[in-house]
Amino acid sequence: MNKYLERANELVPELVENRRHFHRHPELRNELFETTKYVRAKLEEMGYEVNEICQCGLVALAGGKKPGKCILIRGDMDALPMPEDTGLPFSSENPGAMHACGHDFHMAMLLGAAKILKEHEDEIEGTVKICFQPNEETFGGAKAMIEAGVLENPHVDVALGIHIGPIADVATLDFGKGLTMGSADGFDIHVKGRGCHGAAPHRGVSPINIGTHIYLALQELLAREVDAVEQCTLTVGSMIFGDGATNVIPSEGHLYGTMRGFNAELTKFMVRRVEEIAKGTAATFGGEAEVNWLFSSPAMYCDPDFTDEVVRYAADVVGAENMIPKKARATGSEDFAYFGQAVPSQIFWLGGGVEDKAKRISNHNPRVQFSEDALPYGAAVYVQCAMEWLREHK
Ligand SMILES: [Zn+2]
Ligand SMILES: [Zn+2]
């Protein structure tokens, strides 16, 4: 058995305890004050010096005693703004927040990796930068950490992330090459009309009418203006107008939505067209529209050469038969893509399906569960890839 996996197996009680602590106390965005206090205390206990380089973004360095390159390993820490309905004894104690994407696993696995790396610190042929990232779900965290200098001092050569998944079997590792996950851009179209009595609509300008036409026109943008061979989507997820009255034409409202794709030039075009369509449609009906872009994350690019290397290393932990090449791109997004833009990167999807296959449901669902049996594999894959990559590139 891989020696790091053997050690991670011994650490299972600790991995589970940490994971359940995080699961019980989920926090959102980059307001992870209790979470980072806990992570920092654990790292300091292990002997690390911890640096908070941006709000709730923590970095610790392992190695550095021998000269060599630097590999960054990343775990994200934020939960989702949703209630939990798993019935687990360690369910969320923070109403309206849940670790439904499994980032509680990421922290526990990365802490486990940090512990094992510390135990082997003298053998590290370079530096491992251990990166605890906030605010993945709204795509702000990776960018904030990069702007705060996470890729320098020492300079980062490559980066590895791991994401747990609730559908695949435990200890399988799914990986892609090239563009593997879509970009994400979020918008808020603020529609302004003029409110009036519903019995005399000619006295006002209905933002609902404008919003409905914008909604339809956005569907035509996909159907008529985007090359059919492109993979992209545009979804309006909420239209919020009025307050439930039958006889009031409200003054304003919002359409909230997101675009996903793999072609940065096309995204630029779509951004421009969403704005033109919103403004033009509003003007046609005598109102106004303003588009606010809420978030943006590029498509995830996995460097083929780096991928071949880490796939080889990780196979030693989970077995070559459990390394599963991605069959198709995912339209879901990951802000680890910012790392992928900057340095050769890979993000593995670690299988964490519960034993009963009938109970496996998507992440971001209030009833999603993950198998804790995946924890030692995640910790060991981080360590194995970091140690081996540095050794082969010294
Ligand atoms: Zn998520
Ligand atoms: Zn996630």
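What counts, and at which threshold
Residues numbered from 1 in each chain as written. Chains lettered and ligands numbered in written order. Predicted model: local features only at pLDDT ≥ 70, side-chain atom pairs only at ≥ 80, totals over all residues. Heavy atoms only, no water. Domains from an automatic or database assignment. Contact = heavy atoms within 4.5 Å. Buried area = accessible area lost by both parts, 1.4 Å probe. Polar contact = N/O pair within 3.5 Å; in protein donor to acceptor, adjacent residues only side chain to side chain. Donors = N, O, S within 2.8 Å, 3.2 Å for Na, K, Ca; no water. Tetrahedral: all angles 85-135°; square planar, octahedral: opposite > 155°, others 65-115°. Buried < 20%, exposed > 50% of the residue type's maximum accessible area, 1.4 Å probe, protein only. Helix = DSSP H or I, 4+ residues; strand = E, 2+ residues; numbered from the N terminus. Expected span 1.5 Å × (residues − 1).

1. Some points on the domain arrangement of the protein chain
Here is step 1 of the chain: Segmenting the protein chain into domains produces domain 1 (3-181 + 299-392) and domain 2 (183-297).
Here is step 2 of the chain: For domain 1 and domain 2, the distance between their C-alpha centres works out to 36 Å.
Here is step 3 of the chain: Listed as interface residues are 15 residues of domain 1 and, on the opposing side, nine residues of domain 2.
Here is step 4 of the chain: Regarding the contact of domain 1 and domain 2, the summed buried area is about 970 Å², with carbon and sulfur atoms giving 58% of it.
Here is step 5 of the chain: Run the count over domain 1 and domain 2 and you get four residue pairs in polar contact (both at pLDDT 80 or more).

2. Details of the coordination of the zinc ion (ligand 1)
A metal bound by six donors in octahedral fashion has ideal angles of 90 or 180 degrees, whereas one bound by four tetrahedral donors has an ideal angle of 109.5 degrees.
Here is step 1 of the chain: Distances from the zinc ion (ligand 1) to its protein donors, Cys 101 (SG), Glu 137 (OE), Glu 137 (OE) and His 364 (NE2), fall within 2.0 to 2.7 Å.
Here is step 2 of the chain: Each of the four donor atoms bound to the zinc ion (ligand 1) contributes to angles spanning 53 to 149 degrees, and the resulting shape is irregular.
Here is step 3 of the chain: Sequence spacing of the donor residues for the zinc ion (ligand 1), all on one chain, is C-x35-E-x226-H.
Here is step 4 of the chain: With relative accessibility at 16%, the residue Glu 137 sits in the buried group.

3. Some words on helix H8 (residues 304-318)
Here is step 1 of the chain: Look at H8: 20 Å from first C-alpha to last across 15 residues, which is about the 21 Å you get at 1.5 Å a residue.
Here is step 2 of the chain: Those residues of H8 that sit buried are Phe 306, Thr 307, Glu 309, Val 310, Val 311, Tyr 313, Ala 314, Ala 315, Val 317 and Val 318.
Here is step 3 of the chain: Following H8 by one or two positions, Gly 319 has its phi on the positive side, about 95 degrees.

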